[in-house]
Amino acid sequence: IFAPAIAFSETKEFPTKLQISGYFQVDYYVSDSGDAHDVTESSFFMRRARLSMNGDLSEIIDYKIVGSFDGTDSDSPAGSAQLLEAWADFKLHPFFKVKVGEFKYTFDREGRDSSANLPFIMRSTVVNGLVSRLGRTGGIFRDIGIEFNGGMNNPIGWSYFIGLINGNGLNGRDDNNHKDVYFRLVAEPIRHLSFGGGYYWGKAQVGTPATGQNEKMWTVDGAYLFGPFAVAAAYYESVYDQAAGVDIKPKGGYVLAACKVFENLDLLVRRQEFNEDGNAEDKVLASTDIGVNVYLARRGIWNGAKIAINYMFRHAQSGASSPIWEERGAIVTGSNVNDLFTARLQIPF
């Protein structure tokens, strides 16, 4: 008697109600910039303030819009709002889905993940130095185009991603007659164990002259979550073809381990290296990082309301360079690349 009524009540009505979510992050950074400046560099600032809206138009079409109010990953002031994502996803079949618009391209694991889902406060140096700068302008892992993807979970989990994008970064139309192309494959042979690989080909403005040289990058990565422990590693190599002189060949990678000591307390350690050009002998930037995450309300593995504290023991060869605050600040070189302390309050909603 009641079954038809129950079935009717569970029927999903389209379009669904608009869902609004987001998060903000307040950071504090301290770094002794060595001989580059006379005083220690330190600051409070709004690292991120993001607002998302998403919903379903039908059983096969959903959409998402993401805005930024933090100046993104540059030194532009907070409040300089801009569009980060606006896309529609057509779920034609589990093996074949189509995403169209401005979105995060799926080339690697760490670059694709939201900052709110990362174990450490900052992405690894090689990801910030290479993946975030793909294309002619560097679009903080985002661009405009089309992506085909699909996969399955049983008996072995796997997925693929193939994208065709402008390669000109956020909110910009194409500036040449080429398109950048990427693909990624992921396999999950057992639950919580995954392996992935990606390849990117396009045009870049790196080196001299900066006239859109060919750019190729590949990566492999893996991650395993077992009980209270988690481990992950990734490696990247890139080639920037130069019209004159020797090609630039940066490379690098990281390994990290984490332990959930208590339900709301994680301890982290990461070792990373980034060689800005494999042809040179003095451009390696290395760092050993330790971290503590205290969760006020955990969501999933790394996300949620939390207080994070990181310390990076950094060492750079004479030709290596990095922003004082890793992602921001004045560029310093060699012995001026000193240790970095960071703290963050993250609040999702």
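Remember, predicted model here, so these are calculated numbers, not experimental data. (Residues numbered from 1 in each chain as written. Predicted model: local features only at pLDDT ≥ 70, side-chain atom pairs only at ≥ 80, totals over all residues. Heavy atoms only, no water.)

Enquirer: Account for unusual backbone geometry, naming residues and giving values.
Expert: The omega angle of the peptide bond from Phe 14 to Pro 15 is -5°, so this bond is cis rather than trans. In this structure, Pro 15 sits in the loop between α1 (3-9) and β1 (19-31). With an omega of -5°, the peptide bond between Asn 154 and Pro 155 qualifies as cis. Mapped onto the fold, Pro 155 is located in the loop between β6 (142-152) and β7 (157-165). Within the chain, Phe 141 stands out as a residue other than glycine whose phi angle is a positive 75°. (Helix = DSSP H or I, 4+ residues; strand = E, 2+ residues; numbered from the N terminus.)

Enquirer: Account for the side chain of Asp 289, naming residues and giving values.
Expert: Along the chain, the position of Asp 289 falls in strand β14 (residues 284-299). For Asp 289, the side chain forms a polar contact with the side chain of Gln 272, separated by 2.7 Å. Setting aside residues no more than four positions away along its own chain, Asp 289 makes contact with Phe 120, Leu 268, Val 269, Arg 270, Gln 272, Tyr 311, Met 312 and Phe 313. (Polar contact = N/O pair within 3.5 Å; in protein donor to acceptor, adjacent residues only side chain to side chain. Contact = heavy atoms within 4.5 Å.)

Enquirer: Which residues make up the nonpolar core, and what values go with them?
Expert: Among the nonpolar cores identified, the biggest contains 34 residues, and Phe 107, Leu 130, Val 131, Leu 134, Tyr 200, Met 217 and Tyr 236 are the most heavily contacted of them. Of all elements in the fold, only β4 (82-93), α3 (125-129), β9 (193-204), β10 (213-226), β11 (229-240), β12 (251-262) and β13 (265-275) reach the threshold of two or more residues within this core. Per-element accounting of this core gives the leading share, 5 residues, to β11. Setting aside chain neighbours within four positions, we find Leu 130 in contact with Met 217, Tyr 236, Ser 238, Tyr 240, Pro 250 and Phe 274. (Core = buried A, V, L, I, M, F, W, Y, C linked by side-chain atoms within 4.5 Å. Buried < 20%, exposed > 50% of the residue type's maximum accessible area, 1.4 Å probe, protein only.)

Enquirer: Kindly report on the pairing of strand β15 (residues 303-316), identifying the contributing residues and their values.
Expert: In the sheet, β14 pairs with β15 via 14 bridges, with the strands oriented antiparallel. What sits directly across from Ala 297, in β15, is Ala 305. The turn linking β14 back onto β15 is made up of 3 residues, and Gly 300 within it adopts a positive phi angle of 75°. Strand direction decides the pairing type here: β15 and strand β18 (residues 340-348), joined by 7 bridges, are antiparallel. Counted as the bridge partner of Lys 306 is Gln 346 from β18. (Pairing = 2+ DSSP bridges.)

Enquirer: Give a description of the packing of aromatic side chains that names residues and reports values.
Expert: Counted according to the given criterion, the structure contains 13 aromatic pairs. For the pair Trp 158 and Tyr 160, a centre-to-centre distance of 6.5 Å together with 20° between the ring planes defines the contact as stacked. Of the residues examined, Trp 158 reaches a relative accessible area of 34% and is grouped as partly exposed. Here the aromatic rings of Trp 218 and Tyr 235 are separated by 5.7 Å at their centres, their planes lie at 55°, and the arrangement is tilted. Remark: Tyr 235 occurs in strand β11 and Trp 218 occurs in strand β10; sequence separation between them is 17 residues. Relative accessible area serves as the criterion here: at 34%, Trp 218 is assigned to the partly exposed category. Put simply, the rings of Tyr 105, Phe 107, Tyr 182 and Tyr 200 pair up and form one aromatic cluster. When the ring centre of Trp 87 is taken as reference, the NZ or CZ atom of Lys 99 above it lies at 4.2 Å. Over the face of the ring belonging to Tyr 295 we find Arg 298, whose NZ or CZ atom lies 3.9 Å from the ring centre. (Phe/Tyr/Trp six-rings, centres within 6.5 Å; stacked < 30°, edge-to-face > 60°. Lys NZ or Arg CZ within 6 Å of the ring centre and 35° of its normal.)

Enquirer: An account of the pattern of salt bridges is requested, with residue identities and associated values reported.
Expert: Pairing between side chains of opposite charge can happen when their charged atoms approach one another. Taken as a whole and judged by the stated rule, the model has 15 salt bridges. Here Lys 179 and Asp 174 are joined by a salt bridge, their closest N and O atoms 2.8 Å apart. For Lys 179, a relative accessible area of 36% translates into the label partly exposed. The salt bridge partner of Arg 271 is Glu 273, with a shortest N-O separation of 3.5 Å. Linked by salt bridges that have partners in common, Arg 136, Asp 174, Asp 175, Lys 179 and Asp 180 make up one network. (Salt bridge = Lys/Arg side-chain N within 4 Å of Asp/Glu carboxyl O.)

Enquirer: Please set out the pairing of β4 residue by residue, giving values where relevant.
Expert: In the sheet, strand β3 (residues 61-68) pairs with β4 via 8 bridges, with the strands oriented antiparallel. Bridging across to β4, Lys 64 finds its partner in Trp 87. Pairing analysis gives 6 bridges linking β4 to strand β5 (residues 96-104), with the strands arranged antiparallel. Within β5, the residue paired with Ala 86 across the bridge is Glu 102.

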